[in-house]
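Chain by chain, the residues run as shown.
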Amino acid sequence: AQSVTQLGSHVSVSEGALVLLRCNYSSSVPPYLFWYVQYPNQGLQLLLKYTSAATLVKGINGFEAEFKKSETSFHLTKPSAHMSDAAEYFCAVFNAGNMLTFGGGTRLMVKP
Amino acid sequence: DTEVTQTPKHLVMGMTNKKSLKCEQHMGHRAMYWYKQKAKKPPELMFVYSYEKLSINESVPSRFSPECPNSSLLNLHLHALQPEDSALYLCASSLLHLDRGNEQFFGPGTRLTVL
């Protein structure tokens, strides 16, 4: 069965610092992986997706993620955090039933 | 038009009320989804419609009744809910359900409170 684990339910960074949100996947087939962001009282917005093309995926708002098969990871990064990046971030994988399975989420806090 | 809209934004209902949530998309997507999200948790899938037919029901109690009148519209009818059903209800759509590369587009959600 496909699943994802997000390490760290809360991450705090200073404005301008590197953002690193961790996601590890478990999959017996080549995975399709997604990162979504959820701002308070809003729905989920797709940041980026990996569908077995390039291993380095660039998304919106300056975010990118690298697919590493050897580490079964798909970590999300952004070189310089902005106050507006404060939100909940979800990593997700398509499971065998073609449904999205979400990780537990990571709340990103950005300090001025 | 690249968005999913949901109405109402907020809903407060008693346990004996009947209400409906509405979701609409005009992106030509043929798959639509209902999710339930409790505070500080990821979304949990409730229902999937593919080509206006219910294809997945994740063992949701019958007090939740989905309906897909046409390819652009998805409703969730609510009856005799319990306080623990209070949550954010999210609607999503994707081009096709069985294409694993298709991302899902989410609406802003309906915040439901059951008294």
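In case you missed it, the structure is sitting above this.
(A) Structural detail: the overall build of chain A. Secondary structure summary: chain A contains zero helices and eleven strands in total. The order of helices and strands in chain A, counted from the N terminus, is β-β-β-β-β-β-β-β-β-β-β. By the compact-globule yardstick of 13 Å for 112 residues, chain A fits well, its C-alpha radius of gyration being 13 Å. Overall, chain A is about 40 × 30 × 20 Å in size when its C-alpha atoms are taken along their principal axes. Out of the 112 residues belonging to chain A, those deemed buried represent 46%. The contacts of chain A with a sequence gap of at least 6 include a subset with a gap of at least 24, amounting to 55%. If you sum the accessible surface of chain A, you get close to 5100 Å²; carbon and sulfur atoms cover 54% of it. Where the 8 positive side-chain charges of chain A centre and where its 6 negative ones centre are 3 Å apart.

(B) Region of the structure containing the pairing of strand S9 (residues 87-94) of chain B. Residues and elements named next belong to chain B. Taking burial as the measure, the eight residues of S9 include eight buried ones, the bulk of the element. Note: strand S4 (residues 31-37) against S9, seven bridges, orientation antiparallel. Paired with Met-32 across the two strands is Ser-93, which belongs to S9. In terms of strand pairing, S9 meets strand S11 (residues 110-114) through three bridges, oriented antiparallel. Looking at S11, one finds that Tyr-89 is bridged to Thr-110.

(C) How the structure looks around the packing of aromatic side chains. With the rule as written, the count across this model stands at 14 aromatic pairs over all chains. Measuring from centroid to centroid gives 6.1 Å for Tyr-50 of chain A and Phe-74 of chain A, while their planes differ by 50°, and the two rings are tilted. Placement of the pair is Tyr-50 of chain A in strand S5 (residues 44-50) and Phe-74 of chain A in strand S8 (residues 73-78), with a sequence separation of 24 residues. In this structure, Tyr-50 of chain A and Phe-74 of chain A share a single accessibility class: buried. The structure contains a cluster of three or more aromatic residues connected by ring pairs, namely Phe-34, Tyr-36, Phe-90, Phe-94 and Phe-102 of chain A together with Tyr-33, Tyr-35 and Phe-106 of chain B.

(D) The arrangement of the interface of chain A and chain B in detail. Contacts between the two partners involve 24 residues from chain A and, on the opposite side, 22 residues from chain B. Regarding the contact of chain A and chain B, the summed buried area is about 1800 Å², with carbon and sulfur atoms giving 55% of it. Taken together, the connections running from chain A to chain B amount to one salt bridge. Across the salt bridge formed by Glu-103 of chain B and Lys-49 of chain A, the nearest N and O atoms sit 2.6 Å from each other. Across the contact surface, chain A and chain B share five residue pairs in polar contact (both at pLDDT 80 or more). Within the residue set of the side of chain A that touches chain B, elements represented by two or more residues are strand S4 (33-38), S5, strand S9 (87-94) and strand S10 (100-102) of chain A.

Rules of the game
Residues numbered from 1 in each chain as written. Chains lettered and ligands numbered in written order. Predicted model: local features only at pLDDT ≥ 70, side-chain atom pairs only at ≥ 80, totals over all residues. Heavy atoms only, no water. Helix = DSSP H or I, 4+ residues; strand = E, 2+ residues; numbered from the N terminus. Rg over C-alpha atoms; globule rule 2.2 N^0.38 Å. Buried < 20%, exposed > 50% of the residue type's maximum accessible area, 1.4 Å probe, protein only. Contact = heavy atoms within 4.5 Å. Areas by Shrake-Rupley, 256 points an atom, 1.4 Å probe, with all protein chains shown as cover. Lys, Arg positive; Asp, Glu negative; His and termini not counted. Charge placed at Lys NZ, Arg CZ, Asp CG, Glu CD. Pairing = 2+ DSSP bridges. Phe/Tyr/Trp six-rings, centres within 6.5 Å; stacked < 30°, edge-to-face > 60°. Buried area = accessible area lost by both parts, 1.4 Å probe. Salt bridge = Lys/Arg side-chain N within 4 Å of Asp/Glu carboxyl O. Polar contact = N/O pair within 3.5 Å; in protein donor to acceptor, adjacent residues only side chain to side chain.

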